[in-house]
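This is what each chain is made of:
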Amino acid sequence: MEKEAVFLQQVNAHKGILFKICRLYQDREEDRQDLLQEIVLQLWSSYDSFRGDSQFSSWMYRVALNTAIVYLRKQRHHDNFVVTAPYPDLADDVRPVRDEQQKLAIFHQAVAQLGKVEKALIFLYMEGHSGKDMAAILDLSPGNVRVRLNRVKDKLQTIIKTLGYEF
Amino acid sequence: MNFDDLKDAWAKEPVDERVLPARLTGKTTGAIARLRRNMRNEFIWTILGLGATLVVLIVHGGHHRLTILAYCAAAFLFVQAGYYFFRFFLFYRRTQRYDLGLRKSLRRFVSELELNIEVYRTYSFCITPLACLVWIAIVDTDVTGGFIVRYLSGEMPTSPWTIIWIILTLLCTQFLGAFFLHLHLETQYTRYLKELRRILDDLED
């Protein structure tokens, strides 16, 4: 019981990470809740493997991202209408955006069109992780992370332009 | 686009005030979790099936013309199933670690799953005739039981039509078995394997 309490306390101290991951990986609130539940369950079932030789948050990033990447959304009937082509035509007029919150909202909209691994990369980058940390969490080489991250940033810029914004 | 500005806005985003789920029990729905659940169910149903076969064999198997055949075939069936499910259990146990490096653990999981699916296919092909034989020997109907008894006592008719009929029956049974096996693998394992393979390809790109 004490172990469970300690676990919940540690997870609660870093819960912002989990909410951000769920927001990034799922579009609907209901799916986000399901993913959150899934991550918490996976963290709990893997908790014995956390030996304290790394920070709890680092371990949590790894388990949470692994879970989000291999998570399968529930199939719904209206999933048939999901647009598969990620790049619609370029917007006719590109509007500059100044407001920070609006930028972030547009950024989230663009990130939704990325692949699962690309989302993990951009998430860790936005969280301020170094290339070495990102490589360790995602089990990639630092060089590979650098190349992929640049590619993802370019892709995001293109998507944001196709949405009709520029910042 | 200036990502540093965005990073500031990202960091300043208000912390979500929602609470985390309090339940630490429940069904997980990730691809690996679903595969593990399907494996566990498969294991339980097979144990039940083998148990039922054993019970029927003990209760009814000793009073027929084909008793020896039933027990011999059942012994092979149980040994093969036991060996396969021991391997299957070891694989199941290895799949519970999530905190390993994603690419490394996924690659290992995907290759082991592919191997196990092939082993499962082979195992199913091997035990289908054995299981049929056990049940034919137990049930011992006039048609099939009599047929086997005649064959064992050397009274088998050797007309080409009979041989063609036997071959066609066996082929149809095996094809039908293969078809249902394919459906079963597709719904329970292969579609999750494809999803994991896609993620792995993405990681190894």
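Everything quoted here is computed from the prediction, not taken from an experiment.

K.L.:
In this structure, what is going on with the overall build of chain A? I would like to understand it.
P.N.:
A tally of helices and strands in chain A yields eight helices and two strands. Reading chain A from its N end, one meets helices and strands in the order α-α-α-α-β-α-α-α-α-β. Within chain A, the proportion of its 167 residues that are buried is 32%. Long-range contacts, defined as pairs at least 24 residues apart, comprise 71% of the intrachain contacts of chain A with a sequence gap of at least 6.

K.L.:
How do you make sense of the interface of chain A and chain B when you look at a structure like this?
P.N.:
Interfaces are often described in size by the accessible area the parts lose on coming together. Each partner contributes to the interface: chain A provides 42 residues, whereas chain B provides 32 residues. Secondary-structure elements contributing two or more residues to the side of chain A that touches chain B are helix H1 (2-13), helix H2 (15-25), helix H3 (29-46), helix H4 (56-70), helix H5 (100-111), helix H6 (116-126) and helix H8 (142-162) of chain A. At nine residues, H3(A) tops the list of elements feeding residues into the side of chain A that touches chain B. Class assignment of the residues belonging to the side of chain A that touches chain B gives a composition of 20 nonpolar, twelve polar and ten charged.

K.L.:
Is there a simple way to think about the packing of helix H3 (residues 67-94) of chain B against helix H4 (residues 102-139) of chain B in this case?
P.N.:
Two numbers describe a pair of packed helices, the interaxial angle and the distance between the axes. Residues and elements named next belong to chain B. The contact between H3 and H4 brings their axes to 9 Å, and the two run at 160°. By the criterion of interaxial angle, the relationship of H3 to H4 is roughly antiparallel. In terms of crossing hand, the pair formed by H3 and H4 is left-handed. Contacts between H3 and H4 pair Leu 69, Ala 70, Ala 73, Ala 74, Phe 76, Leu 77, Gln 80, Ala 81, Tyr 84, Phe 88 and Phe 91 from the former with Glu 112, Asn 116, Tyr 123, Cys 126, Ile 127, Leu 130, Ala 131, Leu 133, Val 134, Ala 137 and Ile 138 from the latter. For the contact of H3 with H4, the class distribution of residues is 19 nonpolar, two polar and one charged.

K.L.:
Hey, could you run me through the nonpolar core in this one?
P.N.:
The tendency in soluble globular proteins is for nonpolar side chains to be buried side by side. If you look at the biggest cluster of nonpolar residues, it comprises 58 residues, and the most contacted ones within it are Ile21(A), Ile39(A), Ala64(A), Leu65(A), Ala68(A), Ala120(A) and Leu121(A). If one sorts the elements of this core by residue count, H4(A) sits on top with nine residues. If sequence neighbours within four positions are ignored, Leu121(A) has contacts with Met134(A), Val145(A), Arg148(A), Leu149(A) and Val152(A). Judged by nonpolar contacts, the second largest core, of 13 residues, contains Leu57(B), Leu66(B), Ala73(B) and Val134(B).

K.L.:
Explanation requested: the confidence of the model for chain A in the structure shown.
P.N.:
Regions with low pLDDT carry predicted coordinates that are not meant to be interpreted in detail. Residue and element names in this part refer to chain A. Of the residues in chain A, 86% reach a pLDDT of 70 or more, and the chain-wide mean stands at 82. Per-residue pLDDT, averaged within each element of chain A, yields its smallest value for strand E1 (residues 95-96) (72) and its largest for H6 (93). Note on residues 77-86: pLDDT under 50 across the span, and one contact to partners over four residues away in sequence or across chains.

K.L.:
It is not clear to me how H8(A) should be interpreted in this structure. Could you clarify?
P.N.:
An α-helix turns once every 3.6 residues. As a result, residues three or four positions apart point the same way. Residue and element names in this part refer to chain A. Relative to the 30 Å expected for 21 residues at 1.5 Å per residue, H8 spans 30 Å between its end C-alpha atoms, a close match to the ideal helical length. Among the residues of H8, those classed as buried are Val 145, Val 152, Leu 156, Ile 159 and Ile 160. Angular distribution of buried residues about the axis of H8 spans 90°; they occupy a single face of the element. Set apart from the buried face of H8 by more than 90 degrees, the exposed residues are Gly 143, Val 147, Asn 150 and Asp 154. Check the buried side of H8 and you find it contacts H5, H6, helix H7 (131-138) and strand E2 (165-166). Phi turns positive, to about 100°, at Gly 164, one or two residues after H8.

K.L.:
Please explain the environment of Val40(A) as it appears in this structure.
P.N.:
Along the polypeptide, Val40(A) turns up in helix H3. Given 24 C-beta atoms within a 10 Å radius, Val40(A) is considered buried.

K.L.:
What is the right way to look at unusual backbone geometry in this model?
P.N.:
Glycine aside, the phi torsion of most residues is negative, and most peptide linkages are trans. All names here are of chain A. The phi dihedral of Asp 139 is positive, around 60°, even though this residue is not glycine. Secondary-structure assignment places Asp 139 in the loop between H7 and H8. Residue classification places Asp 139 among the partly exposed positions, given that 17 C-beta atoms sit within 10 Å.

K.L.:
Looking at this structure, how should I read the environment of Arg108(B)?
P.N.:
Residues and elements named next belong to chain B. Note that Arg 108 resides in helix H4. Take Arg 108: there are 14 C-beta atoms within 10 Å of it, and that puts it in the partly exposed class. Remark: the alpha-carbon pair of Arg 108 and Thr 95, spanning 13 residues in sequence, is separated by 9.6 Å.

K.L.:
Before we go on, may I ask you to explain the environment of Ile137(A) in this structure?
P.N.:
All names here are of chain A. Summarising the element assignment, Ile 137 is placed in helix H7. Remark: the alpha-carbon pair of Ile 137 and Met 60, spanning 77 residues in sequence, is separated by 9.8 Å. In this structure Ile 137 touches Tyr 61, Arg 62, Leu 65 and Leu 124, once residues within four positions along its chain are discounted.

K.L.:
Explanation requested: the confidence of the model for chain B in the structure shown.
P.N.:
Counting all residues, the mean pLDDT for chain B is 82, and 86% of those residues have values of 70 or more. Confidence estimates for the predicted assembly give a pTM of 0.72 and an ipTM of 0.78.

Rules of the game
- Residues numbered from 1 in each chain as written.
- Chains lettered and ligands numbered in written order.
- Predicted model: local features only at pLDDT ≥ 70, side-chain atom pairs only at ≥ 80, totals over all residues.
- Helix = DSSP H or I, 4+ residues; strand = E, 2+ residues; numbered from the N terminus.
- Buried ≥ 20, exposed ≤ 12 C-beta atoms within 10 Å, placed from the backbone.
- Contact = placed C-beta atoms within 7 Å.
- Nonpolar A, V, L, I, M, F, W, Y, C, P; charged D, E, K, R; others polar.
- Axes fitted to C-alpha atoms, helices over the stretch in contact; angles between N-to-C directions.
- Parallel < 35°, antiparallel > 145°, perpendicular 65-115°, else oblique.
- Left-handed = near helix turned anticlockwise from the far one by under 90°.
- Core = buried A, V, L, I, M, F, W, Y, C linked by C-beta atoms within 7 Å.
- pLDDT = per-residue confidence, 0-100.
- Expected span 1.5 Å × (residues − 1).
- Arc of directions from axis to C-beta.

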